[in-house]
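Chain by chain, the residues run as shown.
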Amino acid sequence: QPQHKELLGQDLASRCEQSCIPLPSTSDGSESRAGGYRALSEEDIKKYILNHTKLCSVLGIDAQTDLARLQVVEVGDGNLNLVYIVSVTSENNEESKAVVIKQALPYVRCVGESWPLTLERAYFENAALVEHAKLVGTDRVPEVFHFDRQLALIGKCFIDLHVYILMT
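Residues numbered from 1 in each chain as written. Predicted model: local features only at pLDDT ≥ 70, side-chain atom pairs only at ≥ 80, totals over all residues. Heavy atoms only, no water.

Summing up its helical and strand segments, the protein chain has six helices and seven strands in all. Counting helices and strands in the order they occur from the N terminus, the protein chain gives α-α-α-α-β-β-β-β-β-α-β-β-α. By the burial criterion, 37% of the 168 residues in the protein chain qualify as buried. Considering only residue pairs separated by 6 or more positions, the protein chain has 50% of its internal contacts joining residues 24 or more positions apart. Roughly 10000 Å² of accessible area belongs to the protein chain as shown, and the carbon and sulfur atoms make up 51% of that amount. (Helix = DSSP H or I, 4+ residues; strand = E, 2+ residues; numbered from the N terminus. Buried < 20%, exposed > 50% of the residue type's maximum accessible area, 1.4 Å probe, protein only. Contact = heavy atoms within 4.5 Å. Areas by Shrake-Rupley, 256 points an atom, 1.4 Å probe, with all protein chains shown as cover.)

And the structure:
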């Protein structure tokens, strides 16, 4: 029996299980959901970037020719979201540009599908980031470049650790 049942009490755990919609597997092994949601892999993220003009523009790439220049690394802690840093190194290998792609999962990843979460939290996070940026500017809040409600995915500015430390 999963540990969270003991922590939550039987009533809440039962309700979570009853409301959980298991994710069917697609032919390529990725997870899909009604309405077009599916958790994206590193390769999926590359294709996704190339299909979205704004993200290509931010990274300074050409969607037709720059697939090989994209580097995608998952950096999330594995609890609630998939978090990727997508970077492109310049042709002279000196400067790189990067964005963060964050995708909400419909369950607590470290527990499994028996502990569902709503994907709508990505919508609210996006709305909060956009509103906060209006109030304090994108030098204090990561700029949102892209939001995909169907995939519960946010594309936002990558803030280097040394920049963050200097701001605090």
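Spatial strand order, E1-E2-E3-E7-E6: five strands in an open sheet with antiparallel pairing. Every interior strand has two partners, whereas the edge strands, strand E1 (70-74) and strand E6 (144-148), have only one. Geometrically, the sheet is characterised by an average inter-axis angle of 20° between neighbouring strands, direction not taken into account. With five bridges connecting them, E1 and strand E2 (residues 81-89) associate as antiparallel partners. What sits directly across from Glu 74, in E2, is Tyr 84. The strands that helix H3 (residues 42-50) touches are E1, E2, strand E3 (96-104), E6 and strand E7 (153-157); relative to E1, the one it contacts most, it runs at about 135°. Packing against the sheet, helix H5 (residues 120-136) makes contact with E2, E3, E6 and E7, and its axis sits at approximately 155° to E6. (Pairing = 2+ DSSP bridges. Axes fitted to C-alpha atoms, helices over the stretch in contact; angles between N-to-C directions.)

The next subject is unusual backbone geometry. Its identity is not glycine, yet Ala 152 carries a phi of approximately 50°, on the positive side. If you trace the backbone, Ala 152 turns up in the loop between E6 and E7. Classification of Ala 152 by relative accessible area gives buried; the value is 1%.

Before going further, it helps to spend a moment on H3. Within H3 the residues assigned to the buried category are Asp 44, Ile 45, Lys 46, Tyr 48, Ile 49 and Leu 50. Of the surrounding secondary structure, the elements contacted by the buried residues of H3 are helix H4 (53-59), E1, E2, E3, E6 and E7.

Here the focus is the pattern of salt bridges. Going through the model one piece at a time under the given rule, you end up with eight salt bridges. Across the pair Lys 134 and Glu 131 runs a salt bridge, and its minimum N-O distance is 3.1 Å. On the criterion of helical spacing, the pair formed by Lys 134 and Glu 131 is a turn pair, its members being three residues apart in helix H5. Counted as one network, the salt bridges with shared partners bring together Lys 102, Glu 125 and Lys 156. (Salt bridge = Lys/Arg side-chain N within 4 Å of Asp/Glu carboxyl O.)

Scanning the entire structure with this criterion turns up one cavity of 30 Å³ or more. As a volume, the largest cavity reaches approximately 30 Å³. Secondary-structure elements contributing two or more residues to the lining of the largest cavity are E3 and H5. Here the lining of the largest cavity is built from residues that sort into four nonpolar, two polar and three charged. (1 Å grid on protein atoms, 1.4 Å probe; cavity = no way out; pocket = protein on both sides within 12 Å on 5 of 7 lines; lining within 4 Å. Points joined across faces, edges and corners; volume = space filled by probe spheres on them. Nonpolar A, V, L, I, M, F, W, Y, C, P; charged D, E, K, R; others polar.)

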